[in-house]
Amino acid sequence: MKLSHIAVTQTPKNGTDDNAYLVRAELQNPPSQSWRMQFQLAWHNSPECVSLCSDVHMDDDSIYIILNDSQQALDSVRVLRSLMATMDTQSLFRASTNKRSII
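As the structure is a prediction and not an experimental result, all values here were calculated from the model.

(A) Broad picture of the overall build of the protein chain. Tallying secondary structure elements over the protein chain gives 3 helices and 4 strands in all. Starting at the N terminus and ending at the C terminus, the protein chain contains elements arranged as β-β-α-α-β-β-α. Here the protein chain holds 103 residues, and 29% of them are scored as buried. For the protein chain, restricting intrachain contacts to residue pairs at least 6 apart in sequence, the fraction spanning at least 24 positions comes to 55%. For the protein chain, the exposed area adds up to about 6,900 Å²; of that, 51% sits on carbon and sulfur atoms.

Shown next as C-alpha cells:
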C-alpha cells in the first residue's frame, strides 16, 4: 500500500481558542478490510504512534490523525511513513514466503 499524499491542516477546537491539527494521508488505492485491521493493530502496538495519537481514523482511501500540538505534525508524518514502509516490507516478506516452488 502506497501513500498518494499527506496534508496537515489546522482547525479550531470546538468551544475553545485552541487549535487541533489534522494529518490526512491519502492512499493510492482503497485498502482491503484486512489491511485496515493490520494497520490499526500496527499503530496501536507502536508506543511512538500511540504517544502521538491513540485513535487513528480511516475511511475508504485516507488515514486521519488528530493532534493537539503543531510540533507533533512532523513527527506523525515521519512515523506514518515509517509504519507504511514497515507494513509494505512485511507484506512483501509474507508474499515471498507463501510462494511454492514448482519442481
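Next comes the rest of the write-up.
(B) Looking closely at helix 1 (residues 33–44). Between its first and last C-alpha atoms helix 1 spans 17 Å; for 12 residues at 1.5 Å apiece the expected length is 16 Å, and the two agree. If you check which residues of helix 1 are buried, you get Trp35, Arg36, Phe39 and Trp43. When helix 1 is viewed along its axis, its buried side chains cluster within an angular range of 100° and face the same direction. Structural note: helix 1 exposes Gln33, Met37 and Leu41 on the side pointing more than 90 degrees away from its buried face.

(C) Representation of the side chain of Ser62. Relative to the assigned elements, Ser62 resides in strand 4 (residues 62–67). The buried category is assigned to Ser62, whose relative accessible area is 1%. Within the structure, the side chain of Ser62 is placed 3.2 Å from the side chain of Arg24, a separation counted as a polar contact. With residues up to four places along the chain from it excluded, the contact list for Ser62 reads Arg24, Ala25, Glu26 and His57.

(D) Structural context of the confidence of the model for the protein chain. When pLDDT is averaged along the protein chain, the result is 84, and 85% of the positions lie at 70 or above. Mean pLDDT values for the elements of the protein chain range from 75 in helix 3 (residues 71–98) up to 94 in strand 4. Low pLDDT, under 50, characterises residues 92–97; the stretch is placed with 1 contact to residues that sit more than four places away or in other chains.

(E) Spotlight on the pairing of strand 2 (residues 19–27). Here strand 1 (residues 3–12) runs beside strand 2; their pairing, made up of 9 bridges, is antiparallel. Its bridge partner lying in strand 2, Pro12 is registered against Asn19. Taking the residues that link successive antiparallel strands as the turn, the strand 1-strand 2 hairpin has 6 residues, and the phi of Gly15 there is positive, at about 75°.

(F) Region of interest: the sheet that holds strand 4. Here 4 strands make up an open sheet; going across it, the order is 1-2-4-3 and the pairing antiparallel. Of all strands in the sheet, those with a lone pairing partner are strand 1 and strand 3 (57–58), marking the two edges. Pairing analysis gives 2 bridges linking strand 3 to strand 4, with the strands arranged antiparallel. For Met58, the partnering residue across the bridge sits in strand 4 and is Ile63.

Conventions and cut-offs
Sequence order as written defines residue numbering, which begins from 1 separately in each chain. Confidence filtering applies because this is a predicted model: local features only for residues at pLDDT of at least 70, side-chain atom pairs given and counted only at 80 or more, and all residues used for totals across whole chains, interfaces and linings. Excluding hydrogens and water, the side-chain figures rest on all heavy atoms present in the structure. Note on conventions: DSSP H or I runs of at least 4 residues are helices, E runs of at least 2 residues are strands, and numbering of each starts at the N terminus. Buried residues are those whose accessible area, probed at 1.4 Å on protein chains only, stays under 20% of the maximum for their type, while exposed residues exceed 50% and partly exposed ones sit between those limits. Contact definition: two residues touch when any of their heavy atoms are within 4.5 Å. Surface exposure here means Shrake-Rupley accessible area, sampled with a 1.4 Å probe, where a residue is shielded only by the protein chains that are shown. For a helix, the expected span equals 1.5 Å multiplied by the residue count minus one. The arc under discussion is defined with respect to the helix axis, by the directions toward the C-beta atoms. Under this definition, polar contacts are N or O atom pairs within 3.5 Å; protein pairs additionally need one hydrogen-donor-capable and one acceptor-capable atom, and for neighbouring residues in sequence, both atoms have to be side-chain atoms. The quantity called pLDDT is the predictor's confidence in a given residue, expressed from 0 to 100. Here, a strand pair is defined by DSSP locating no fewer than two bridges between the strands.

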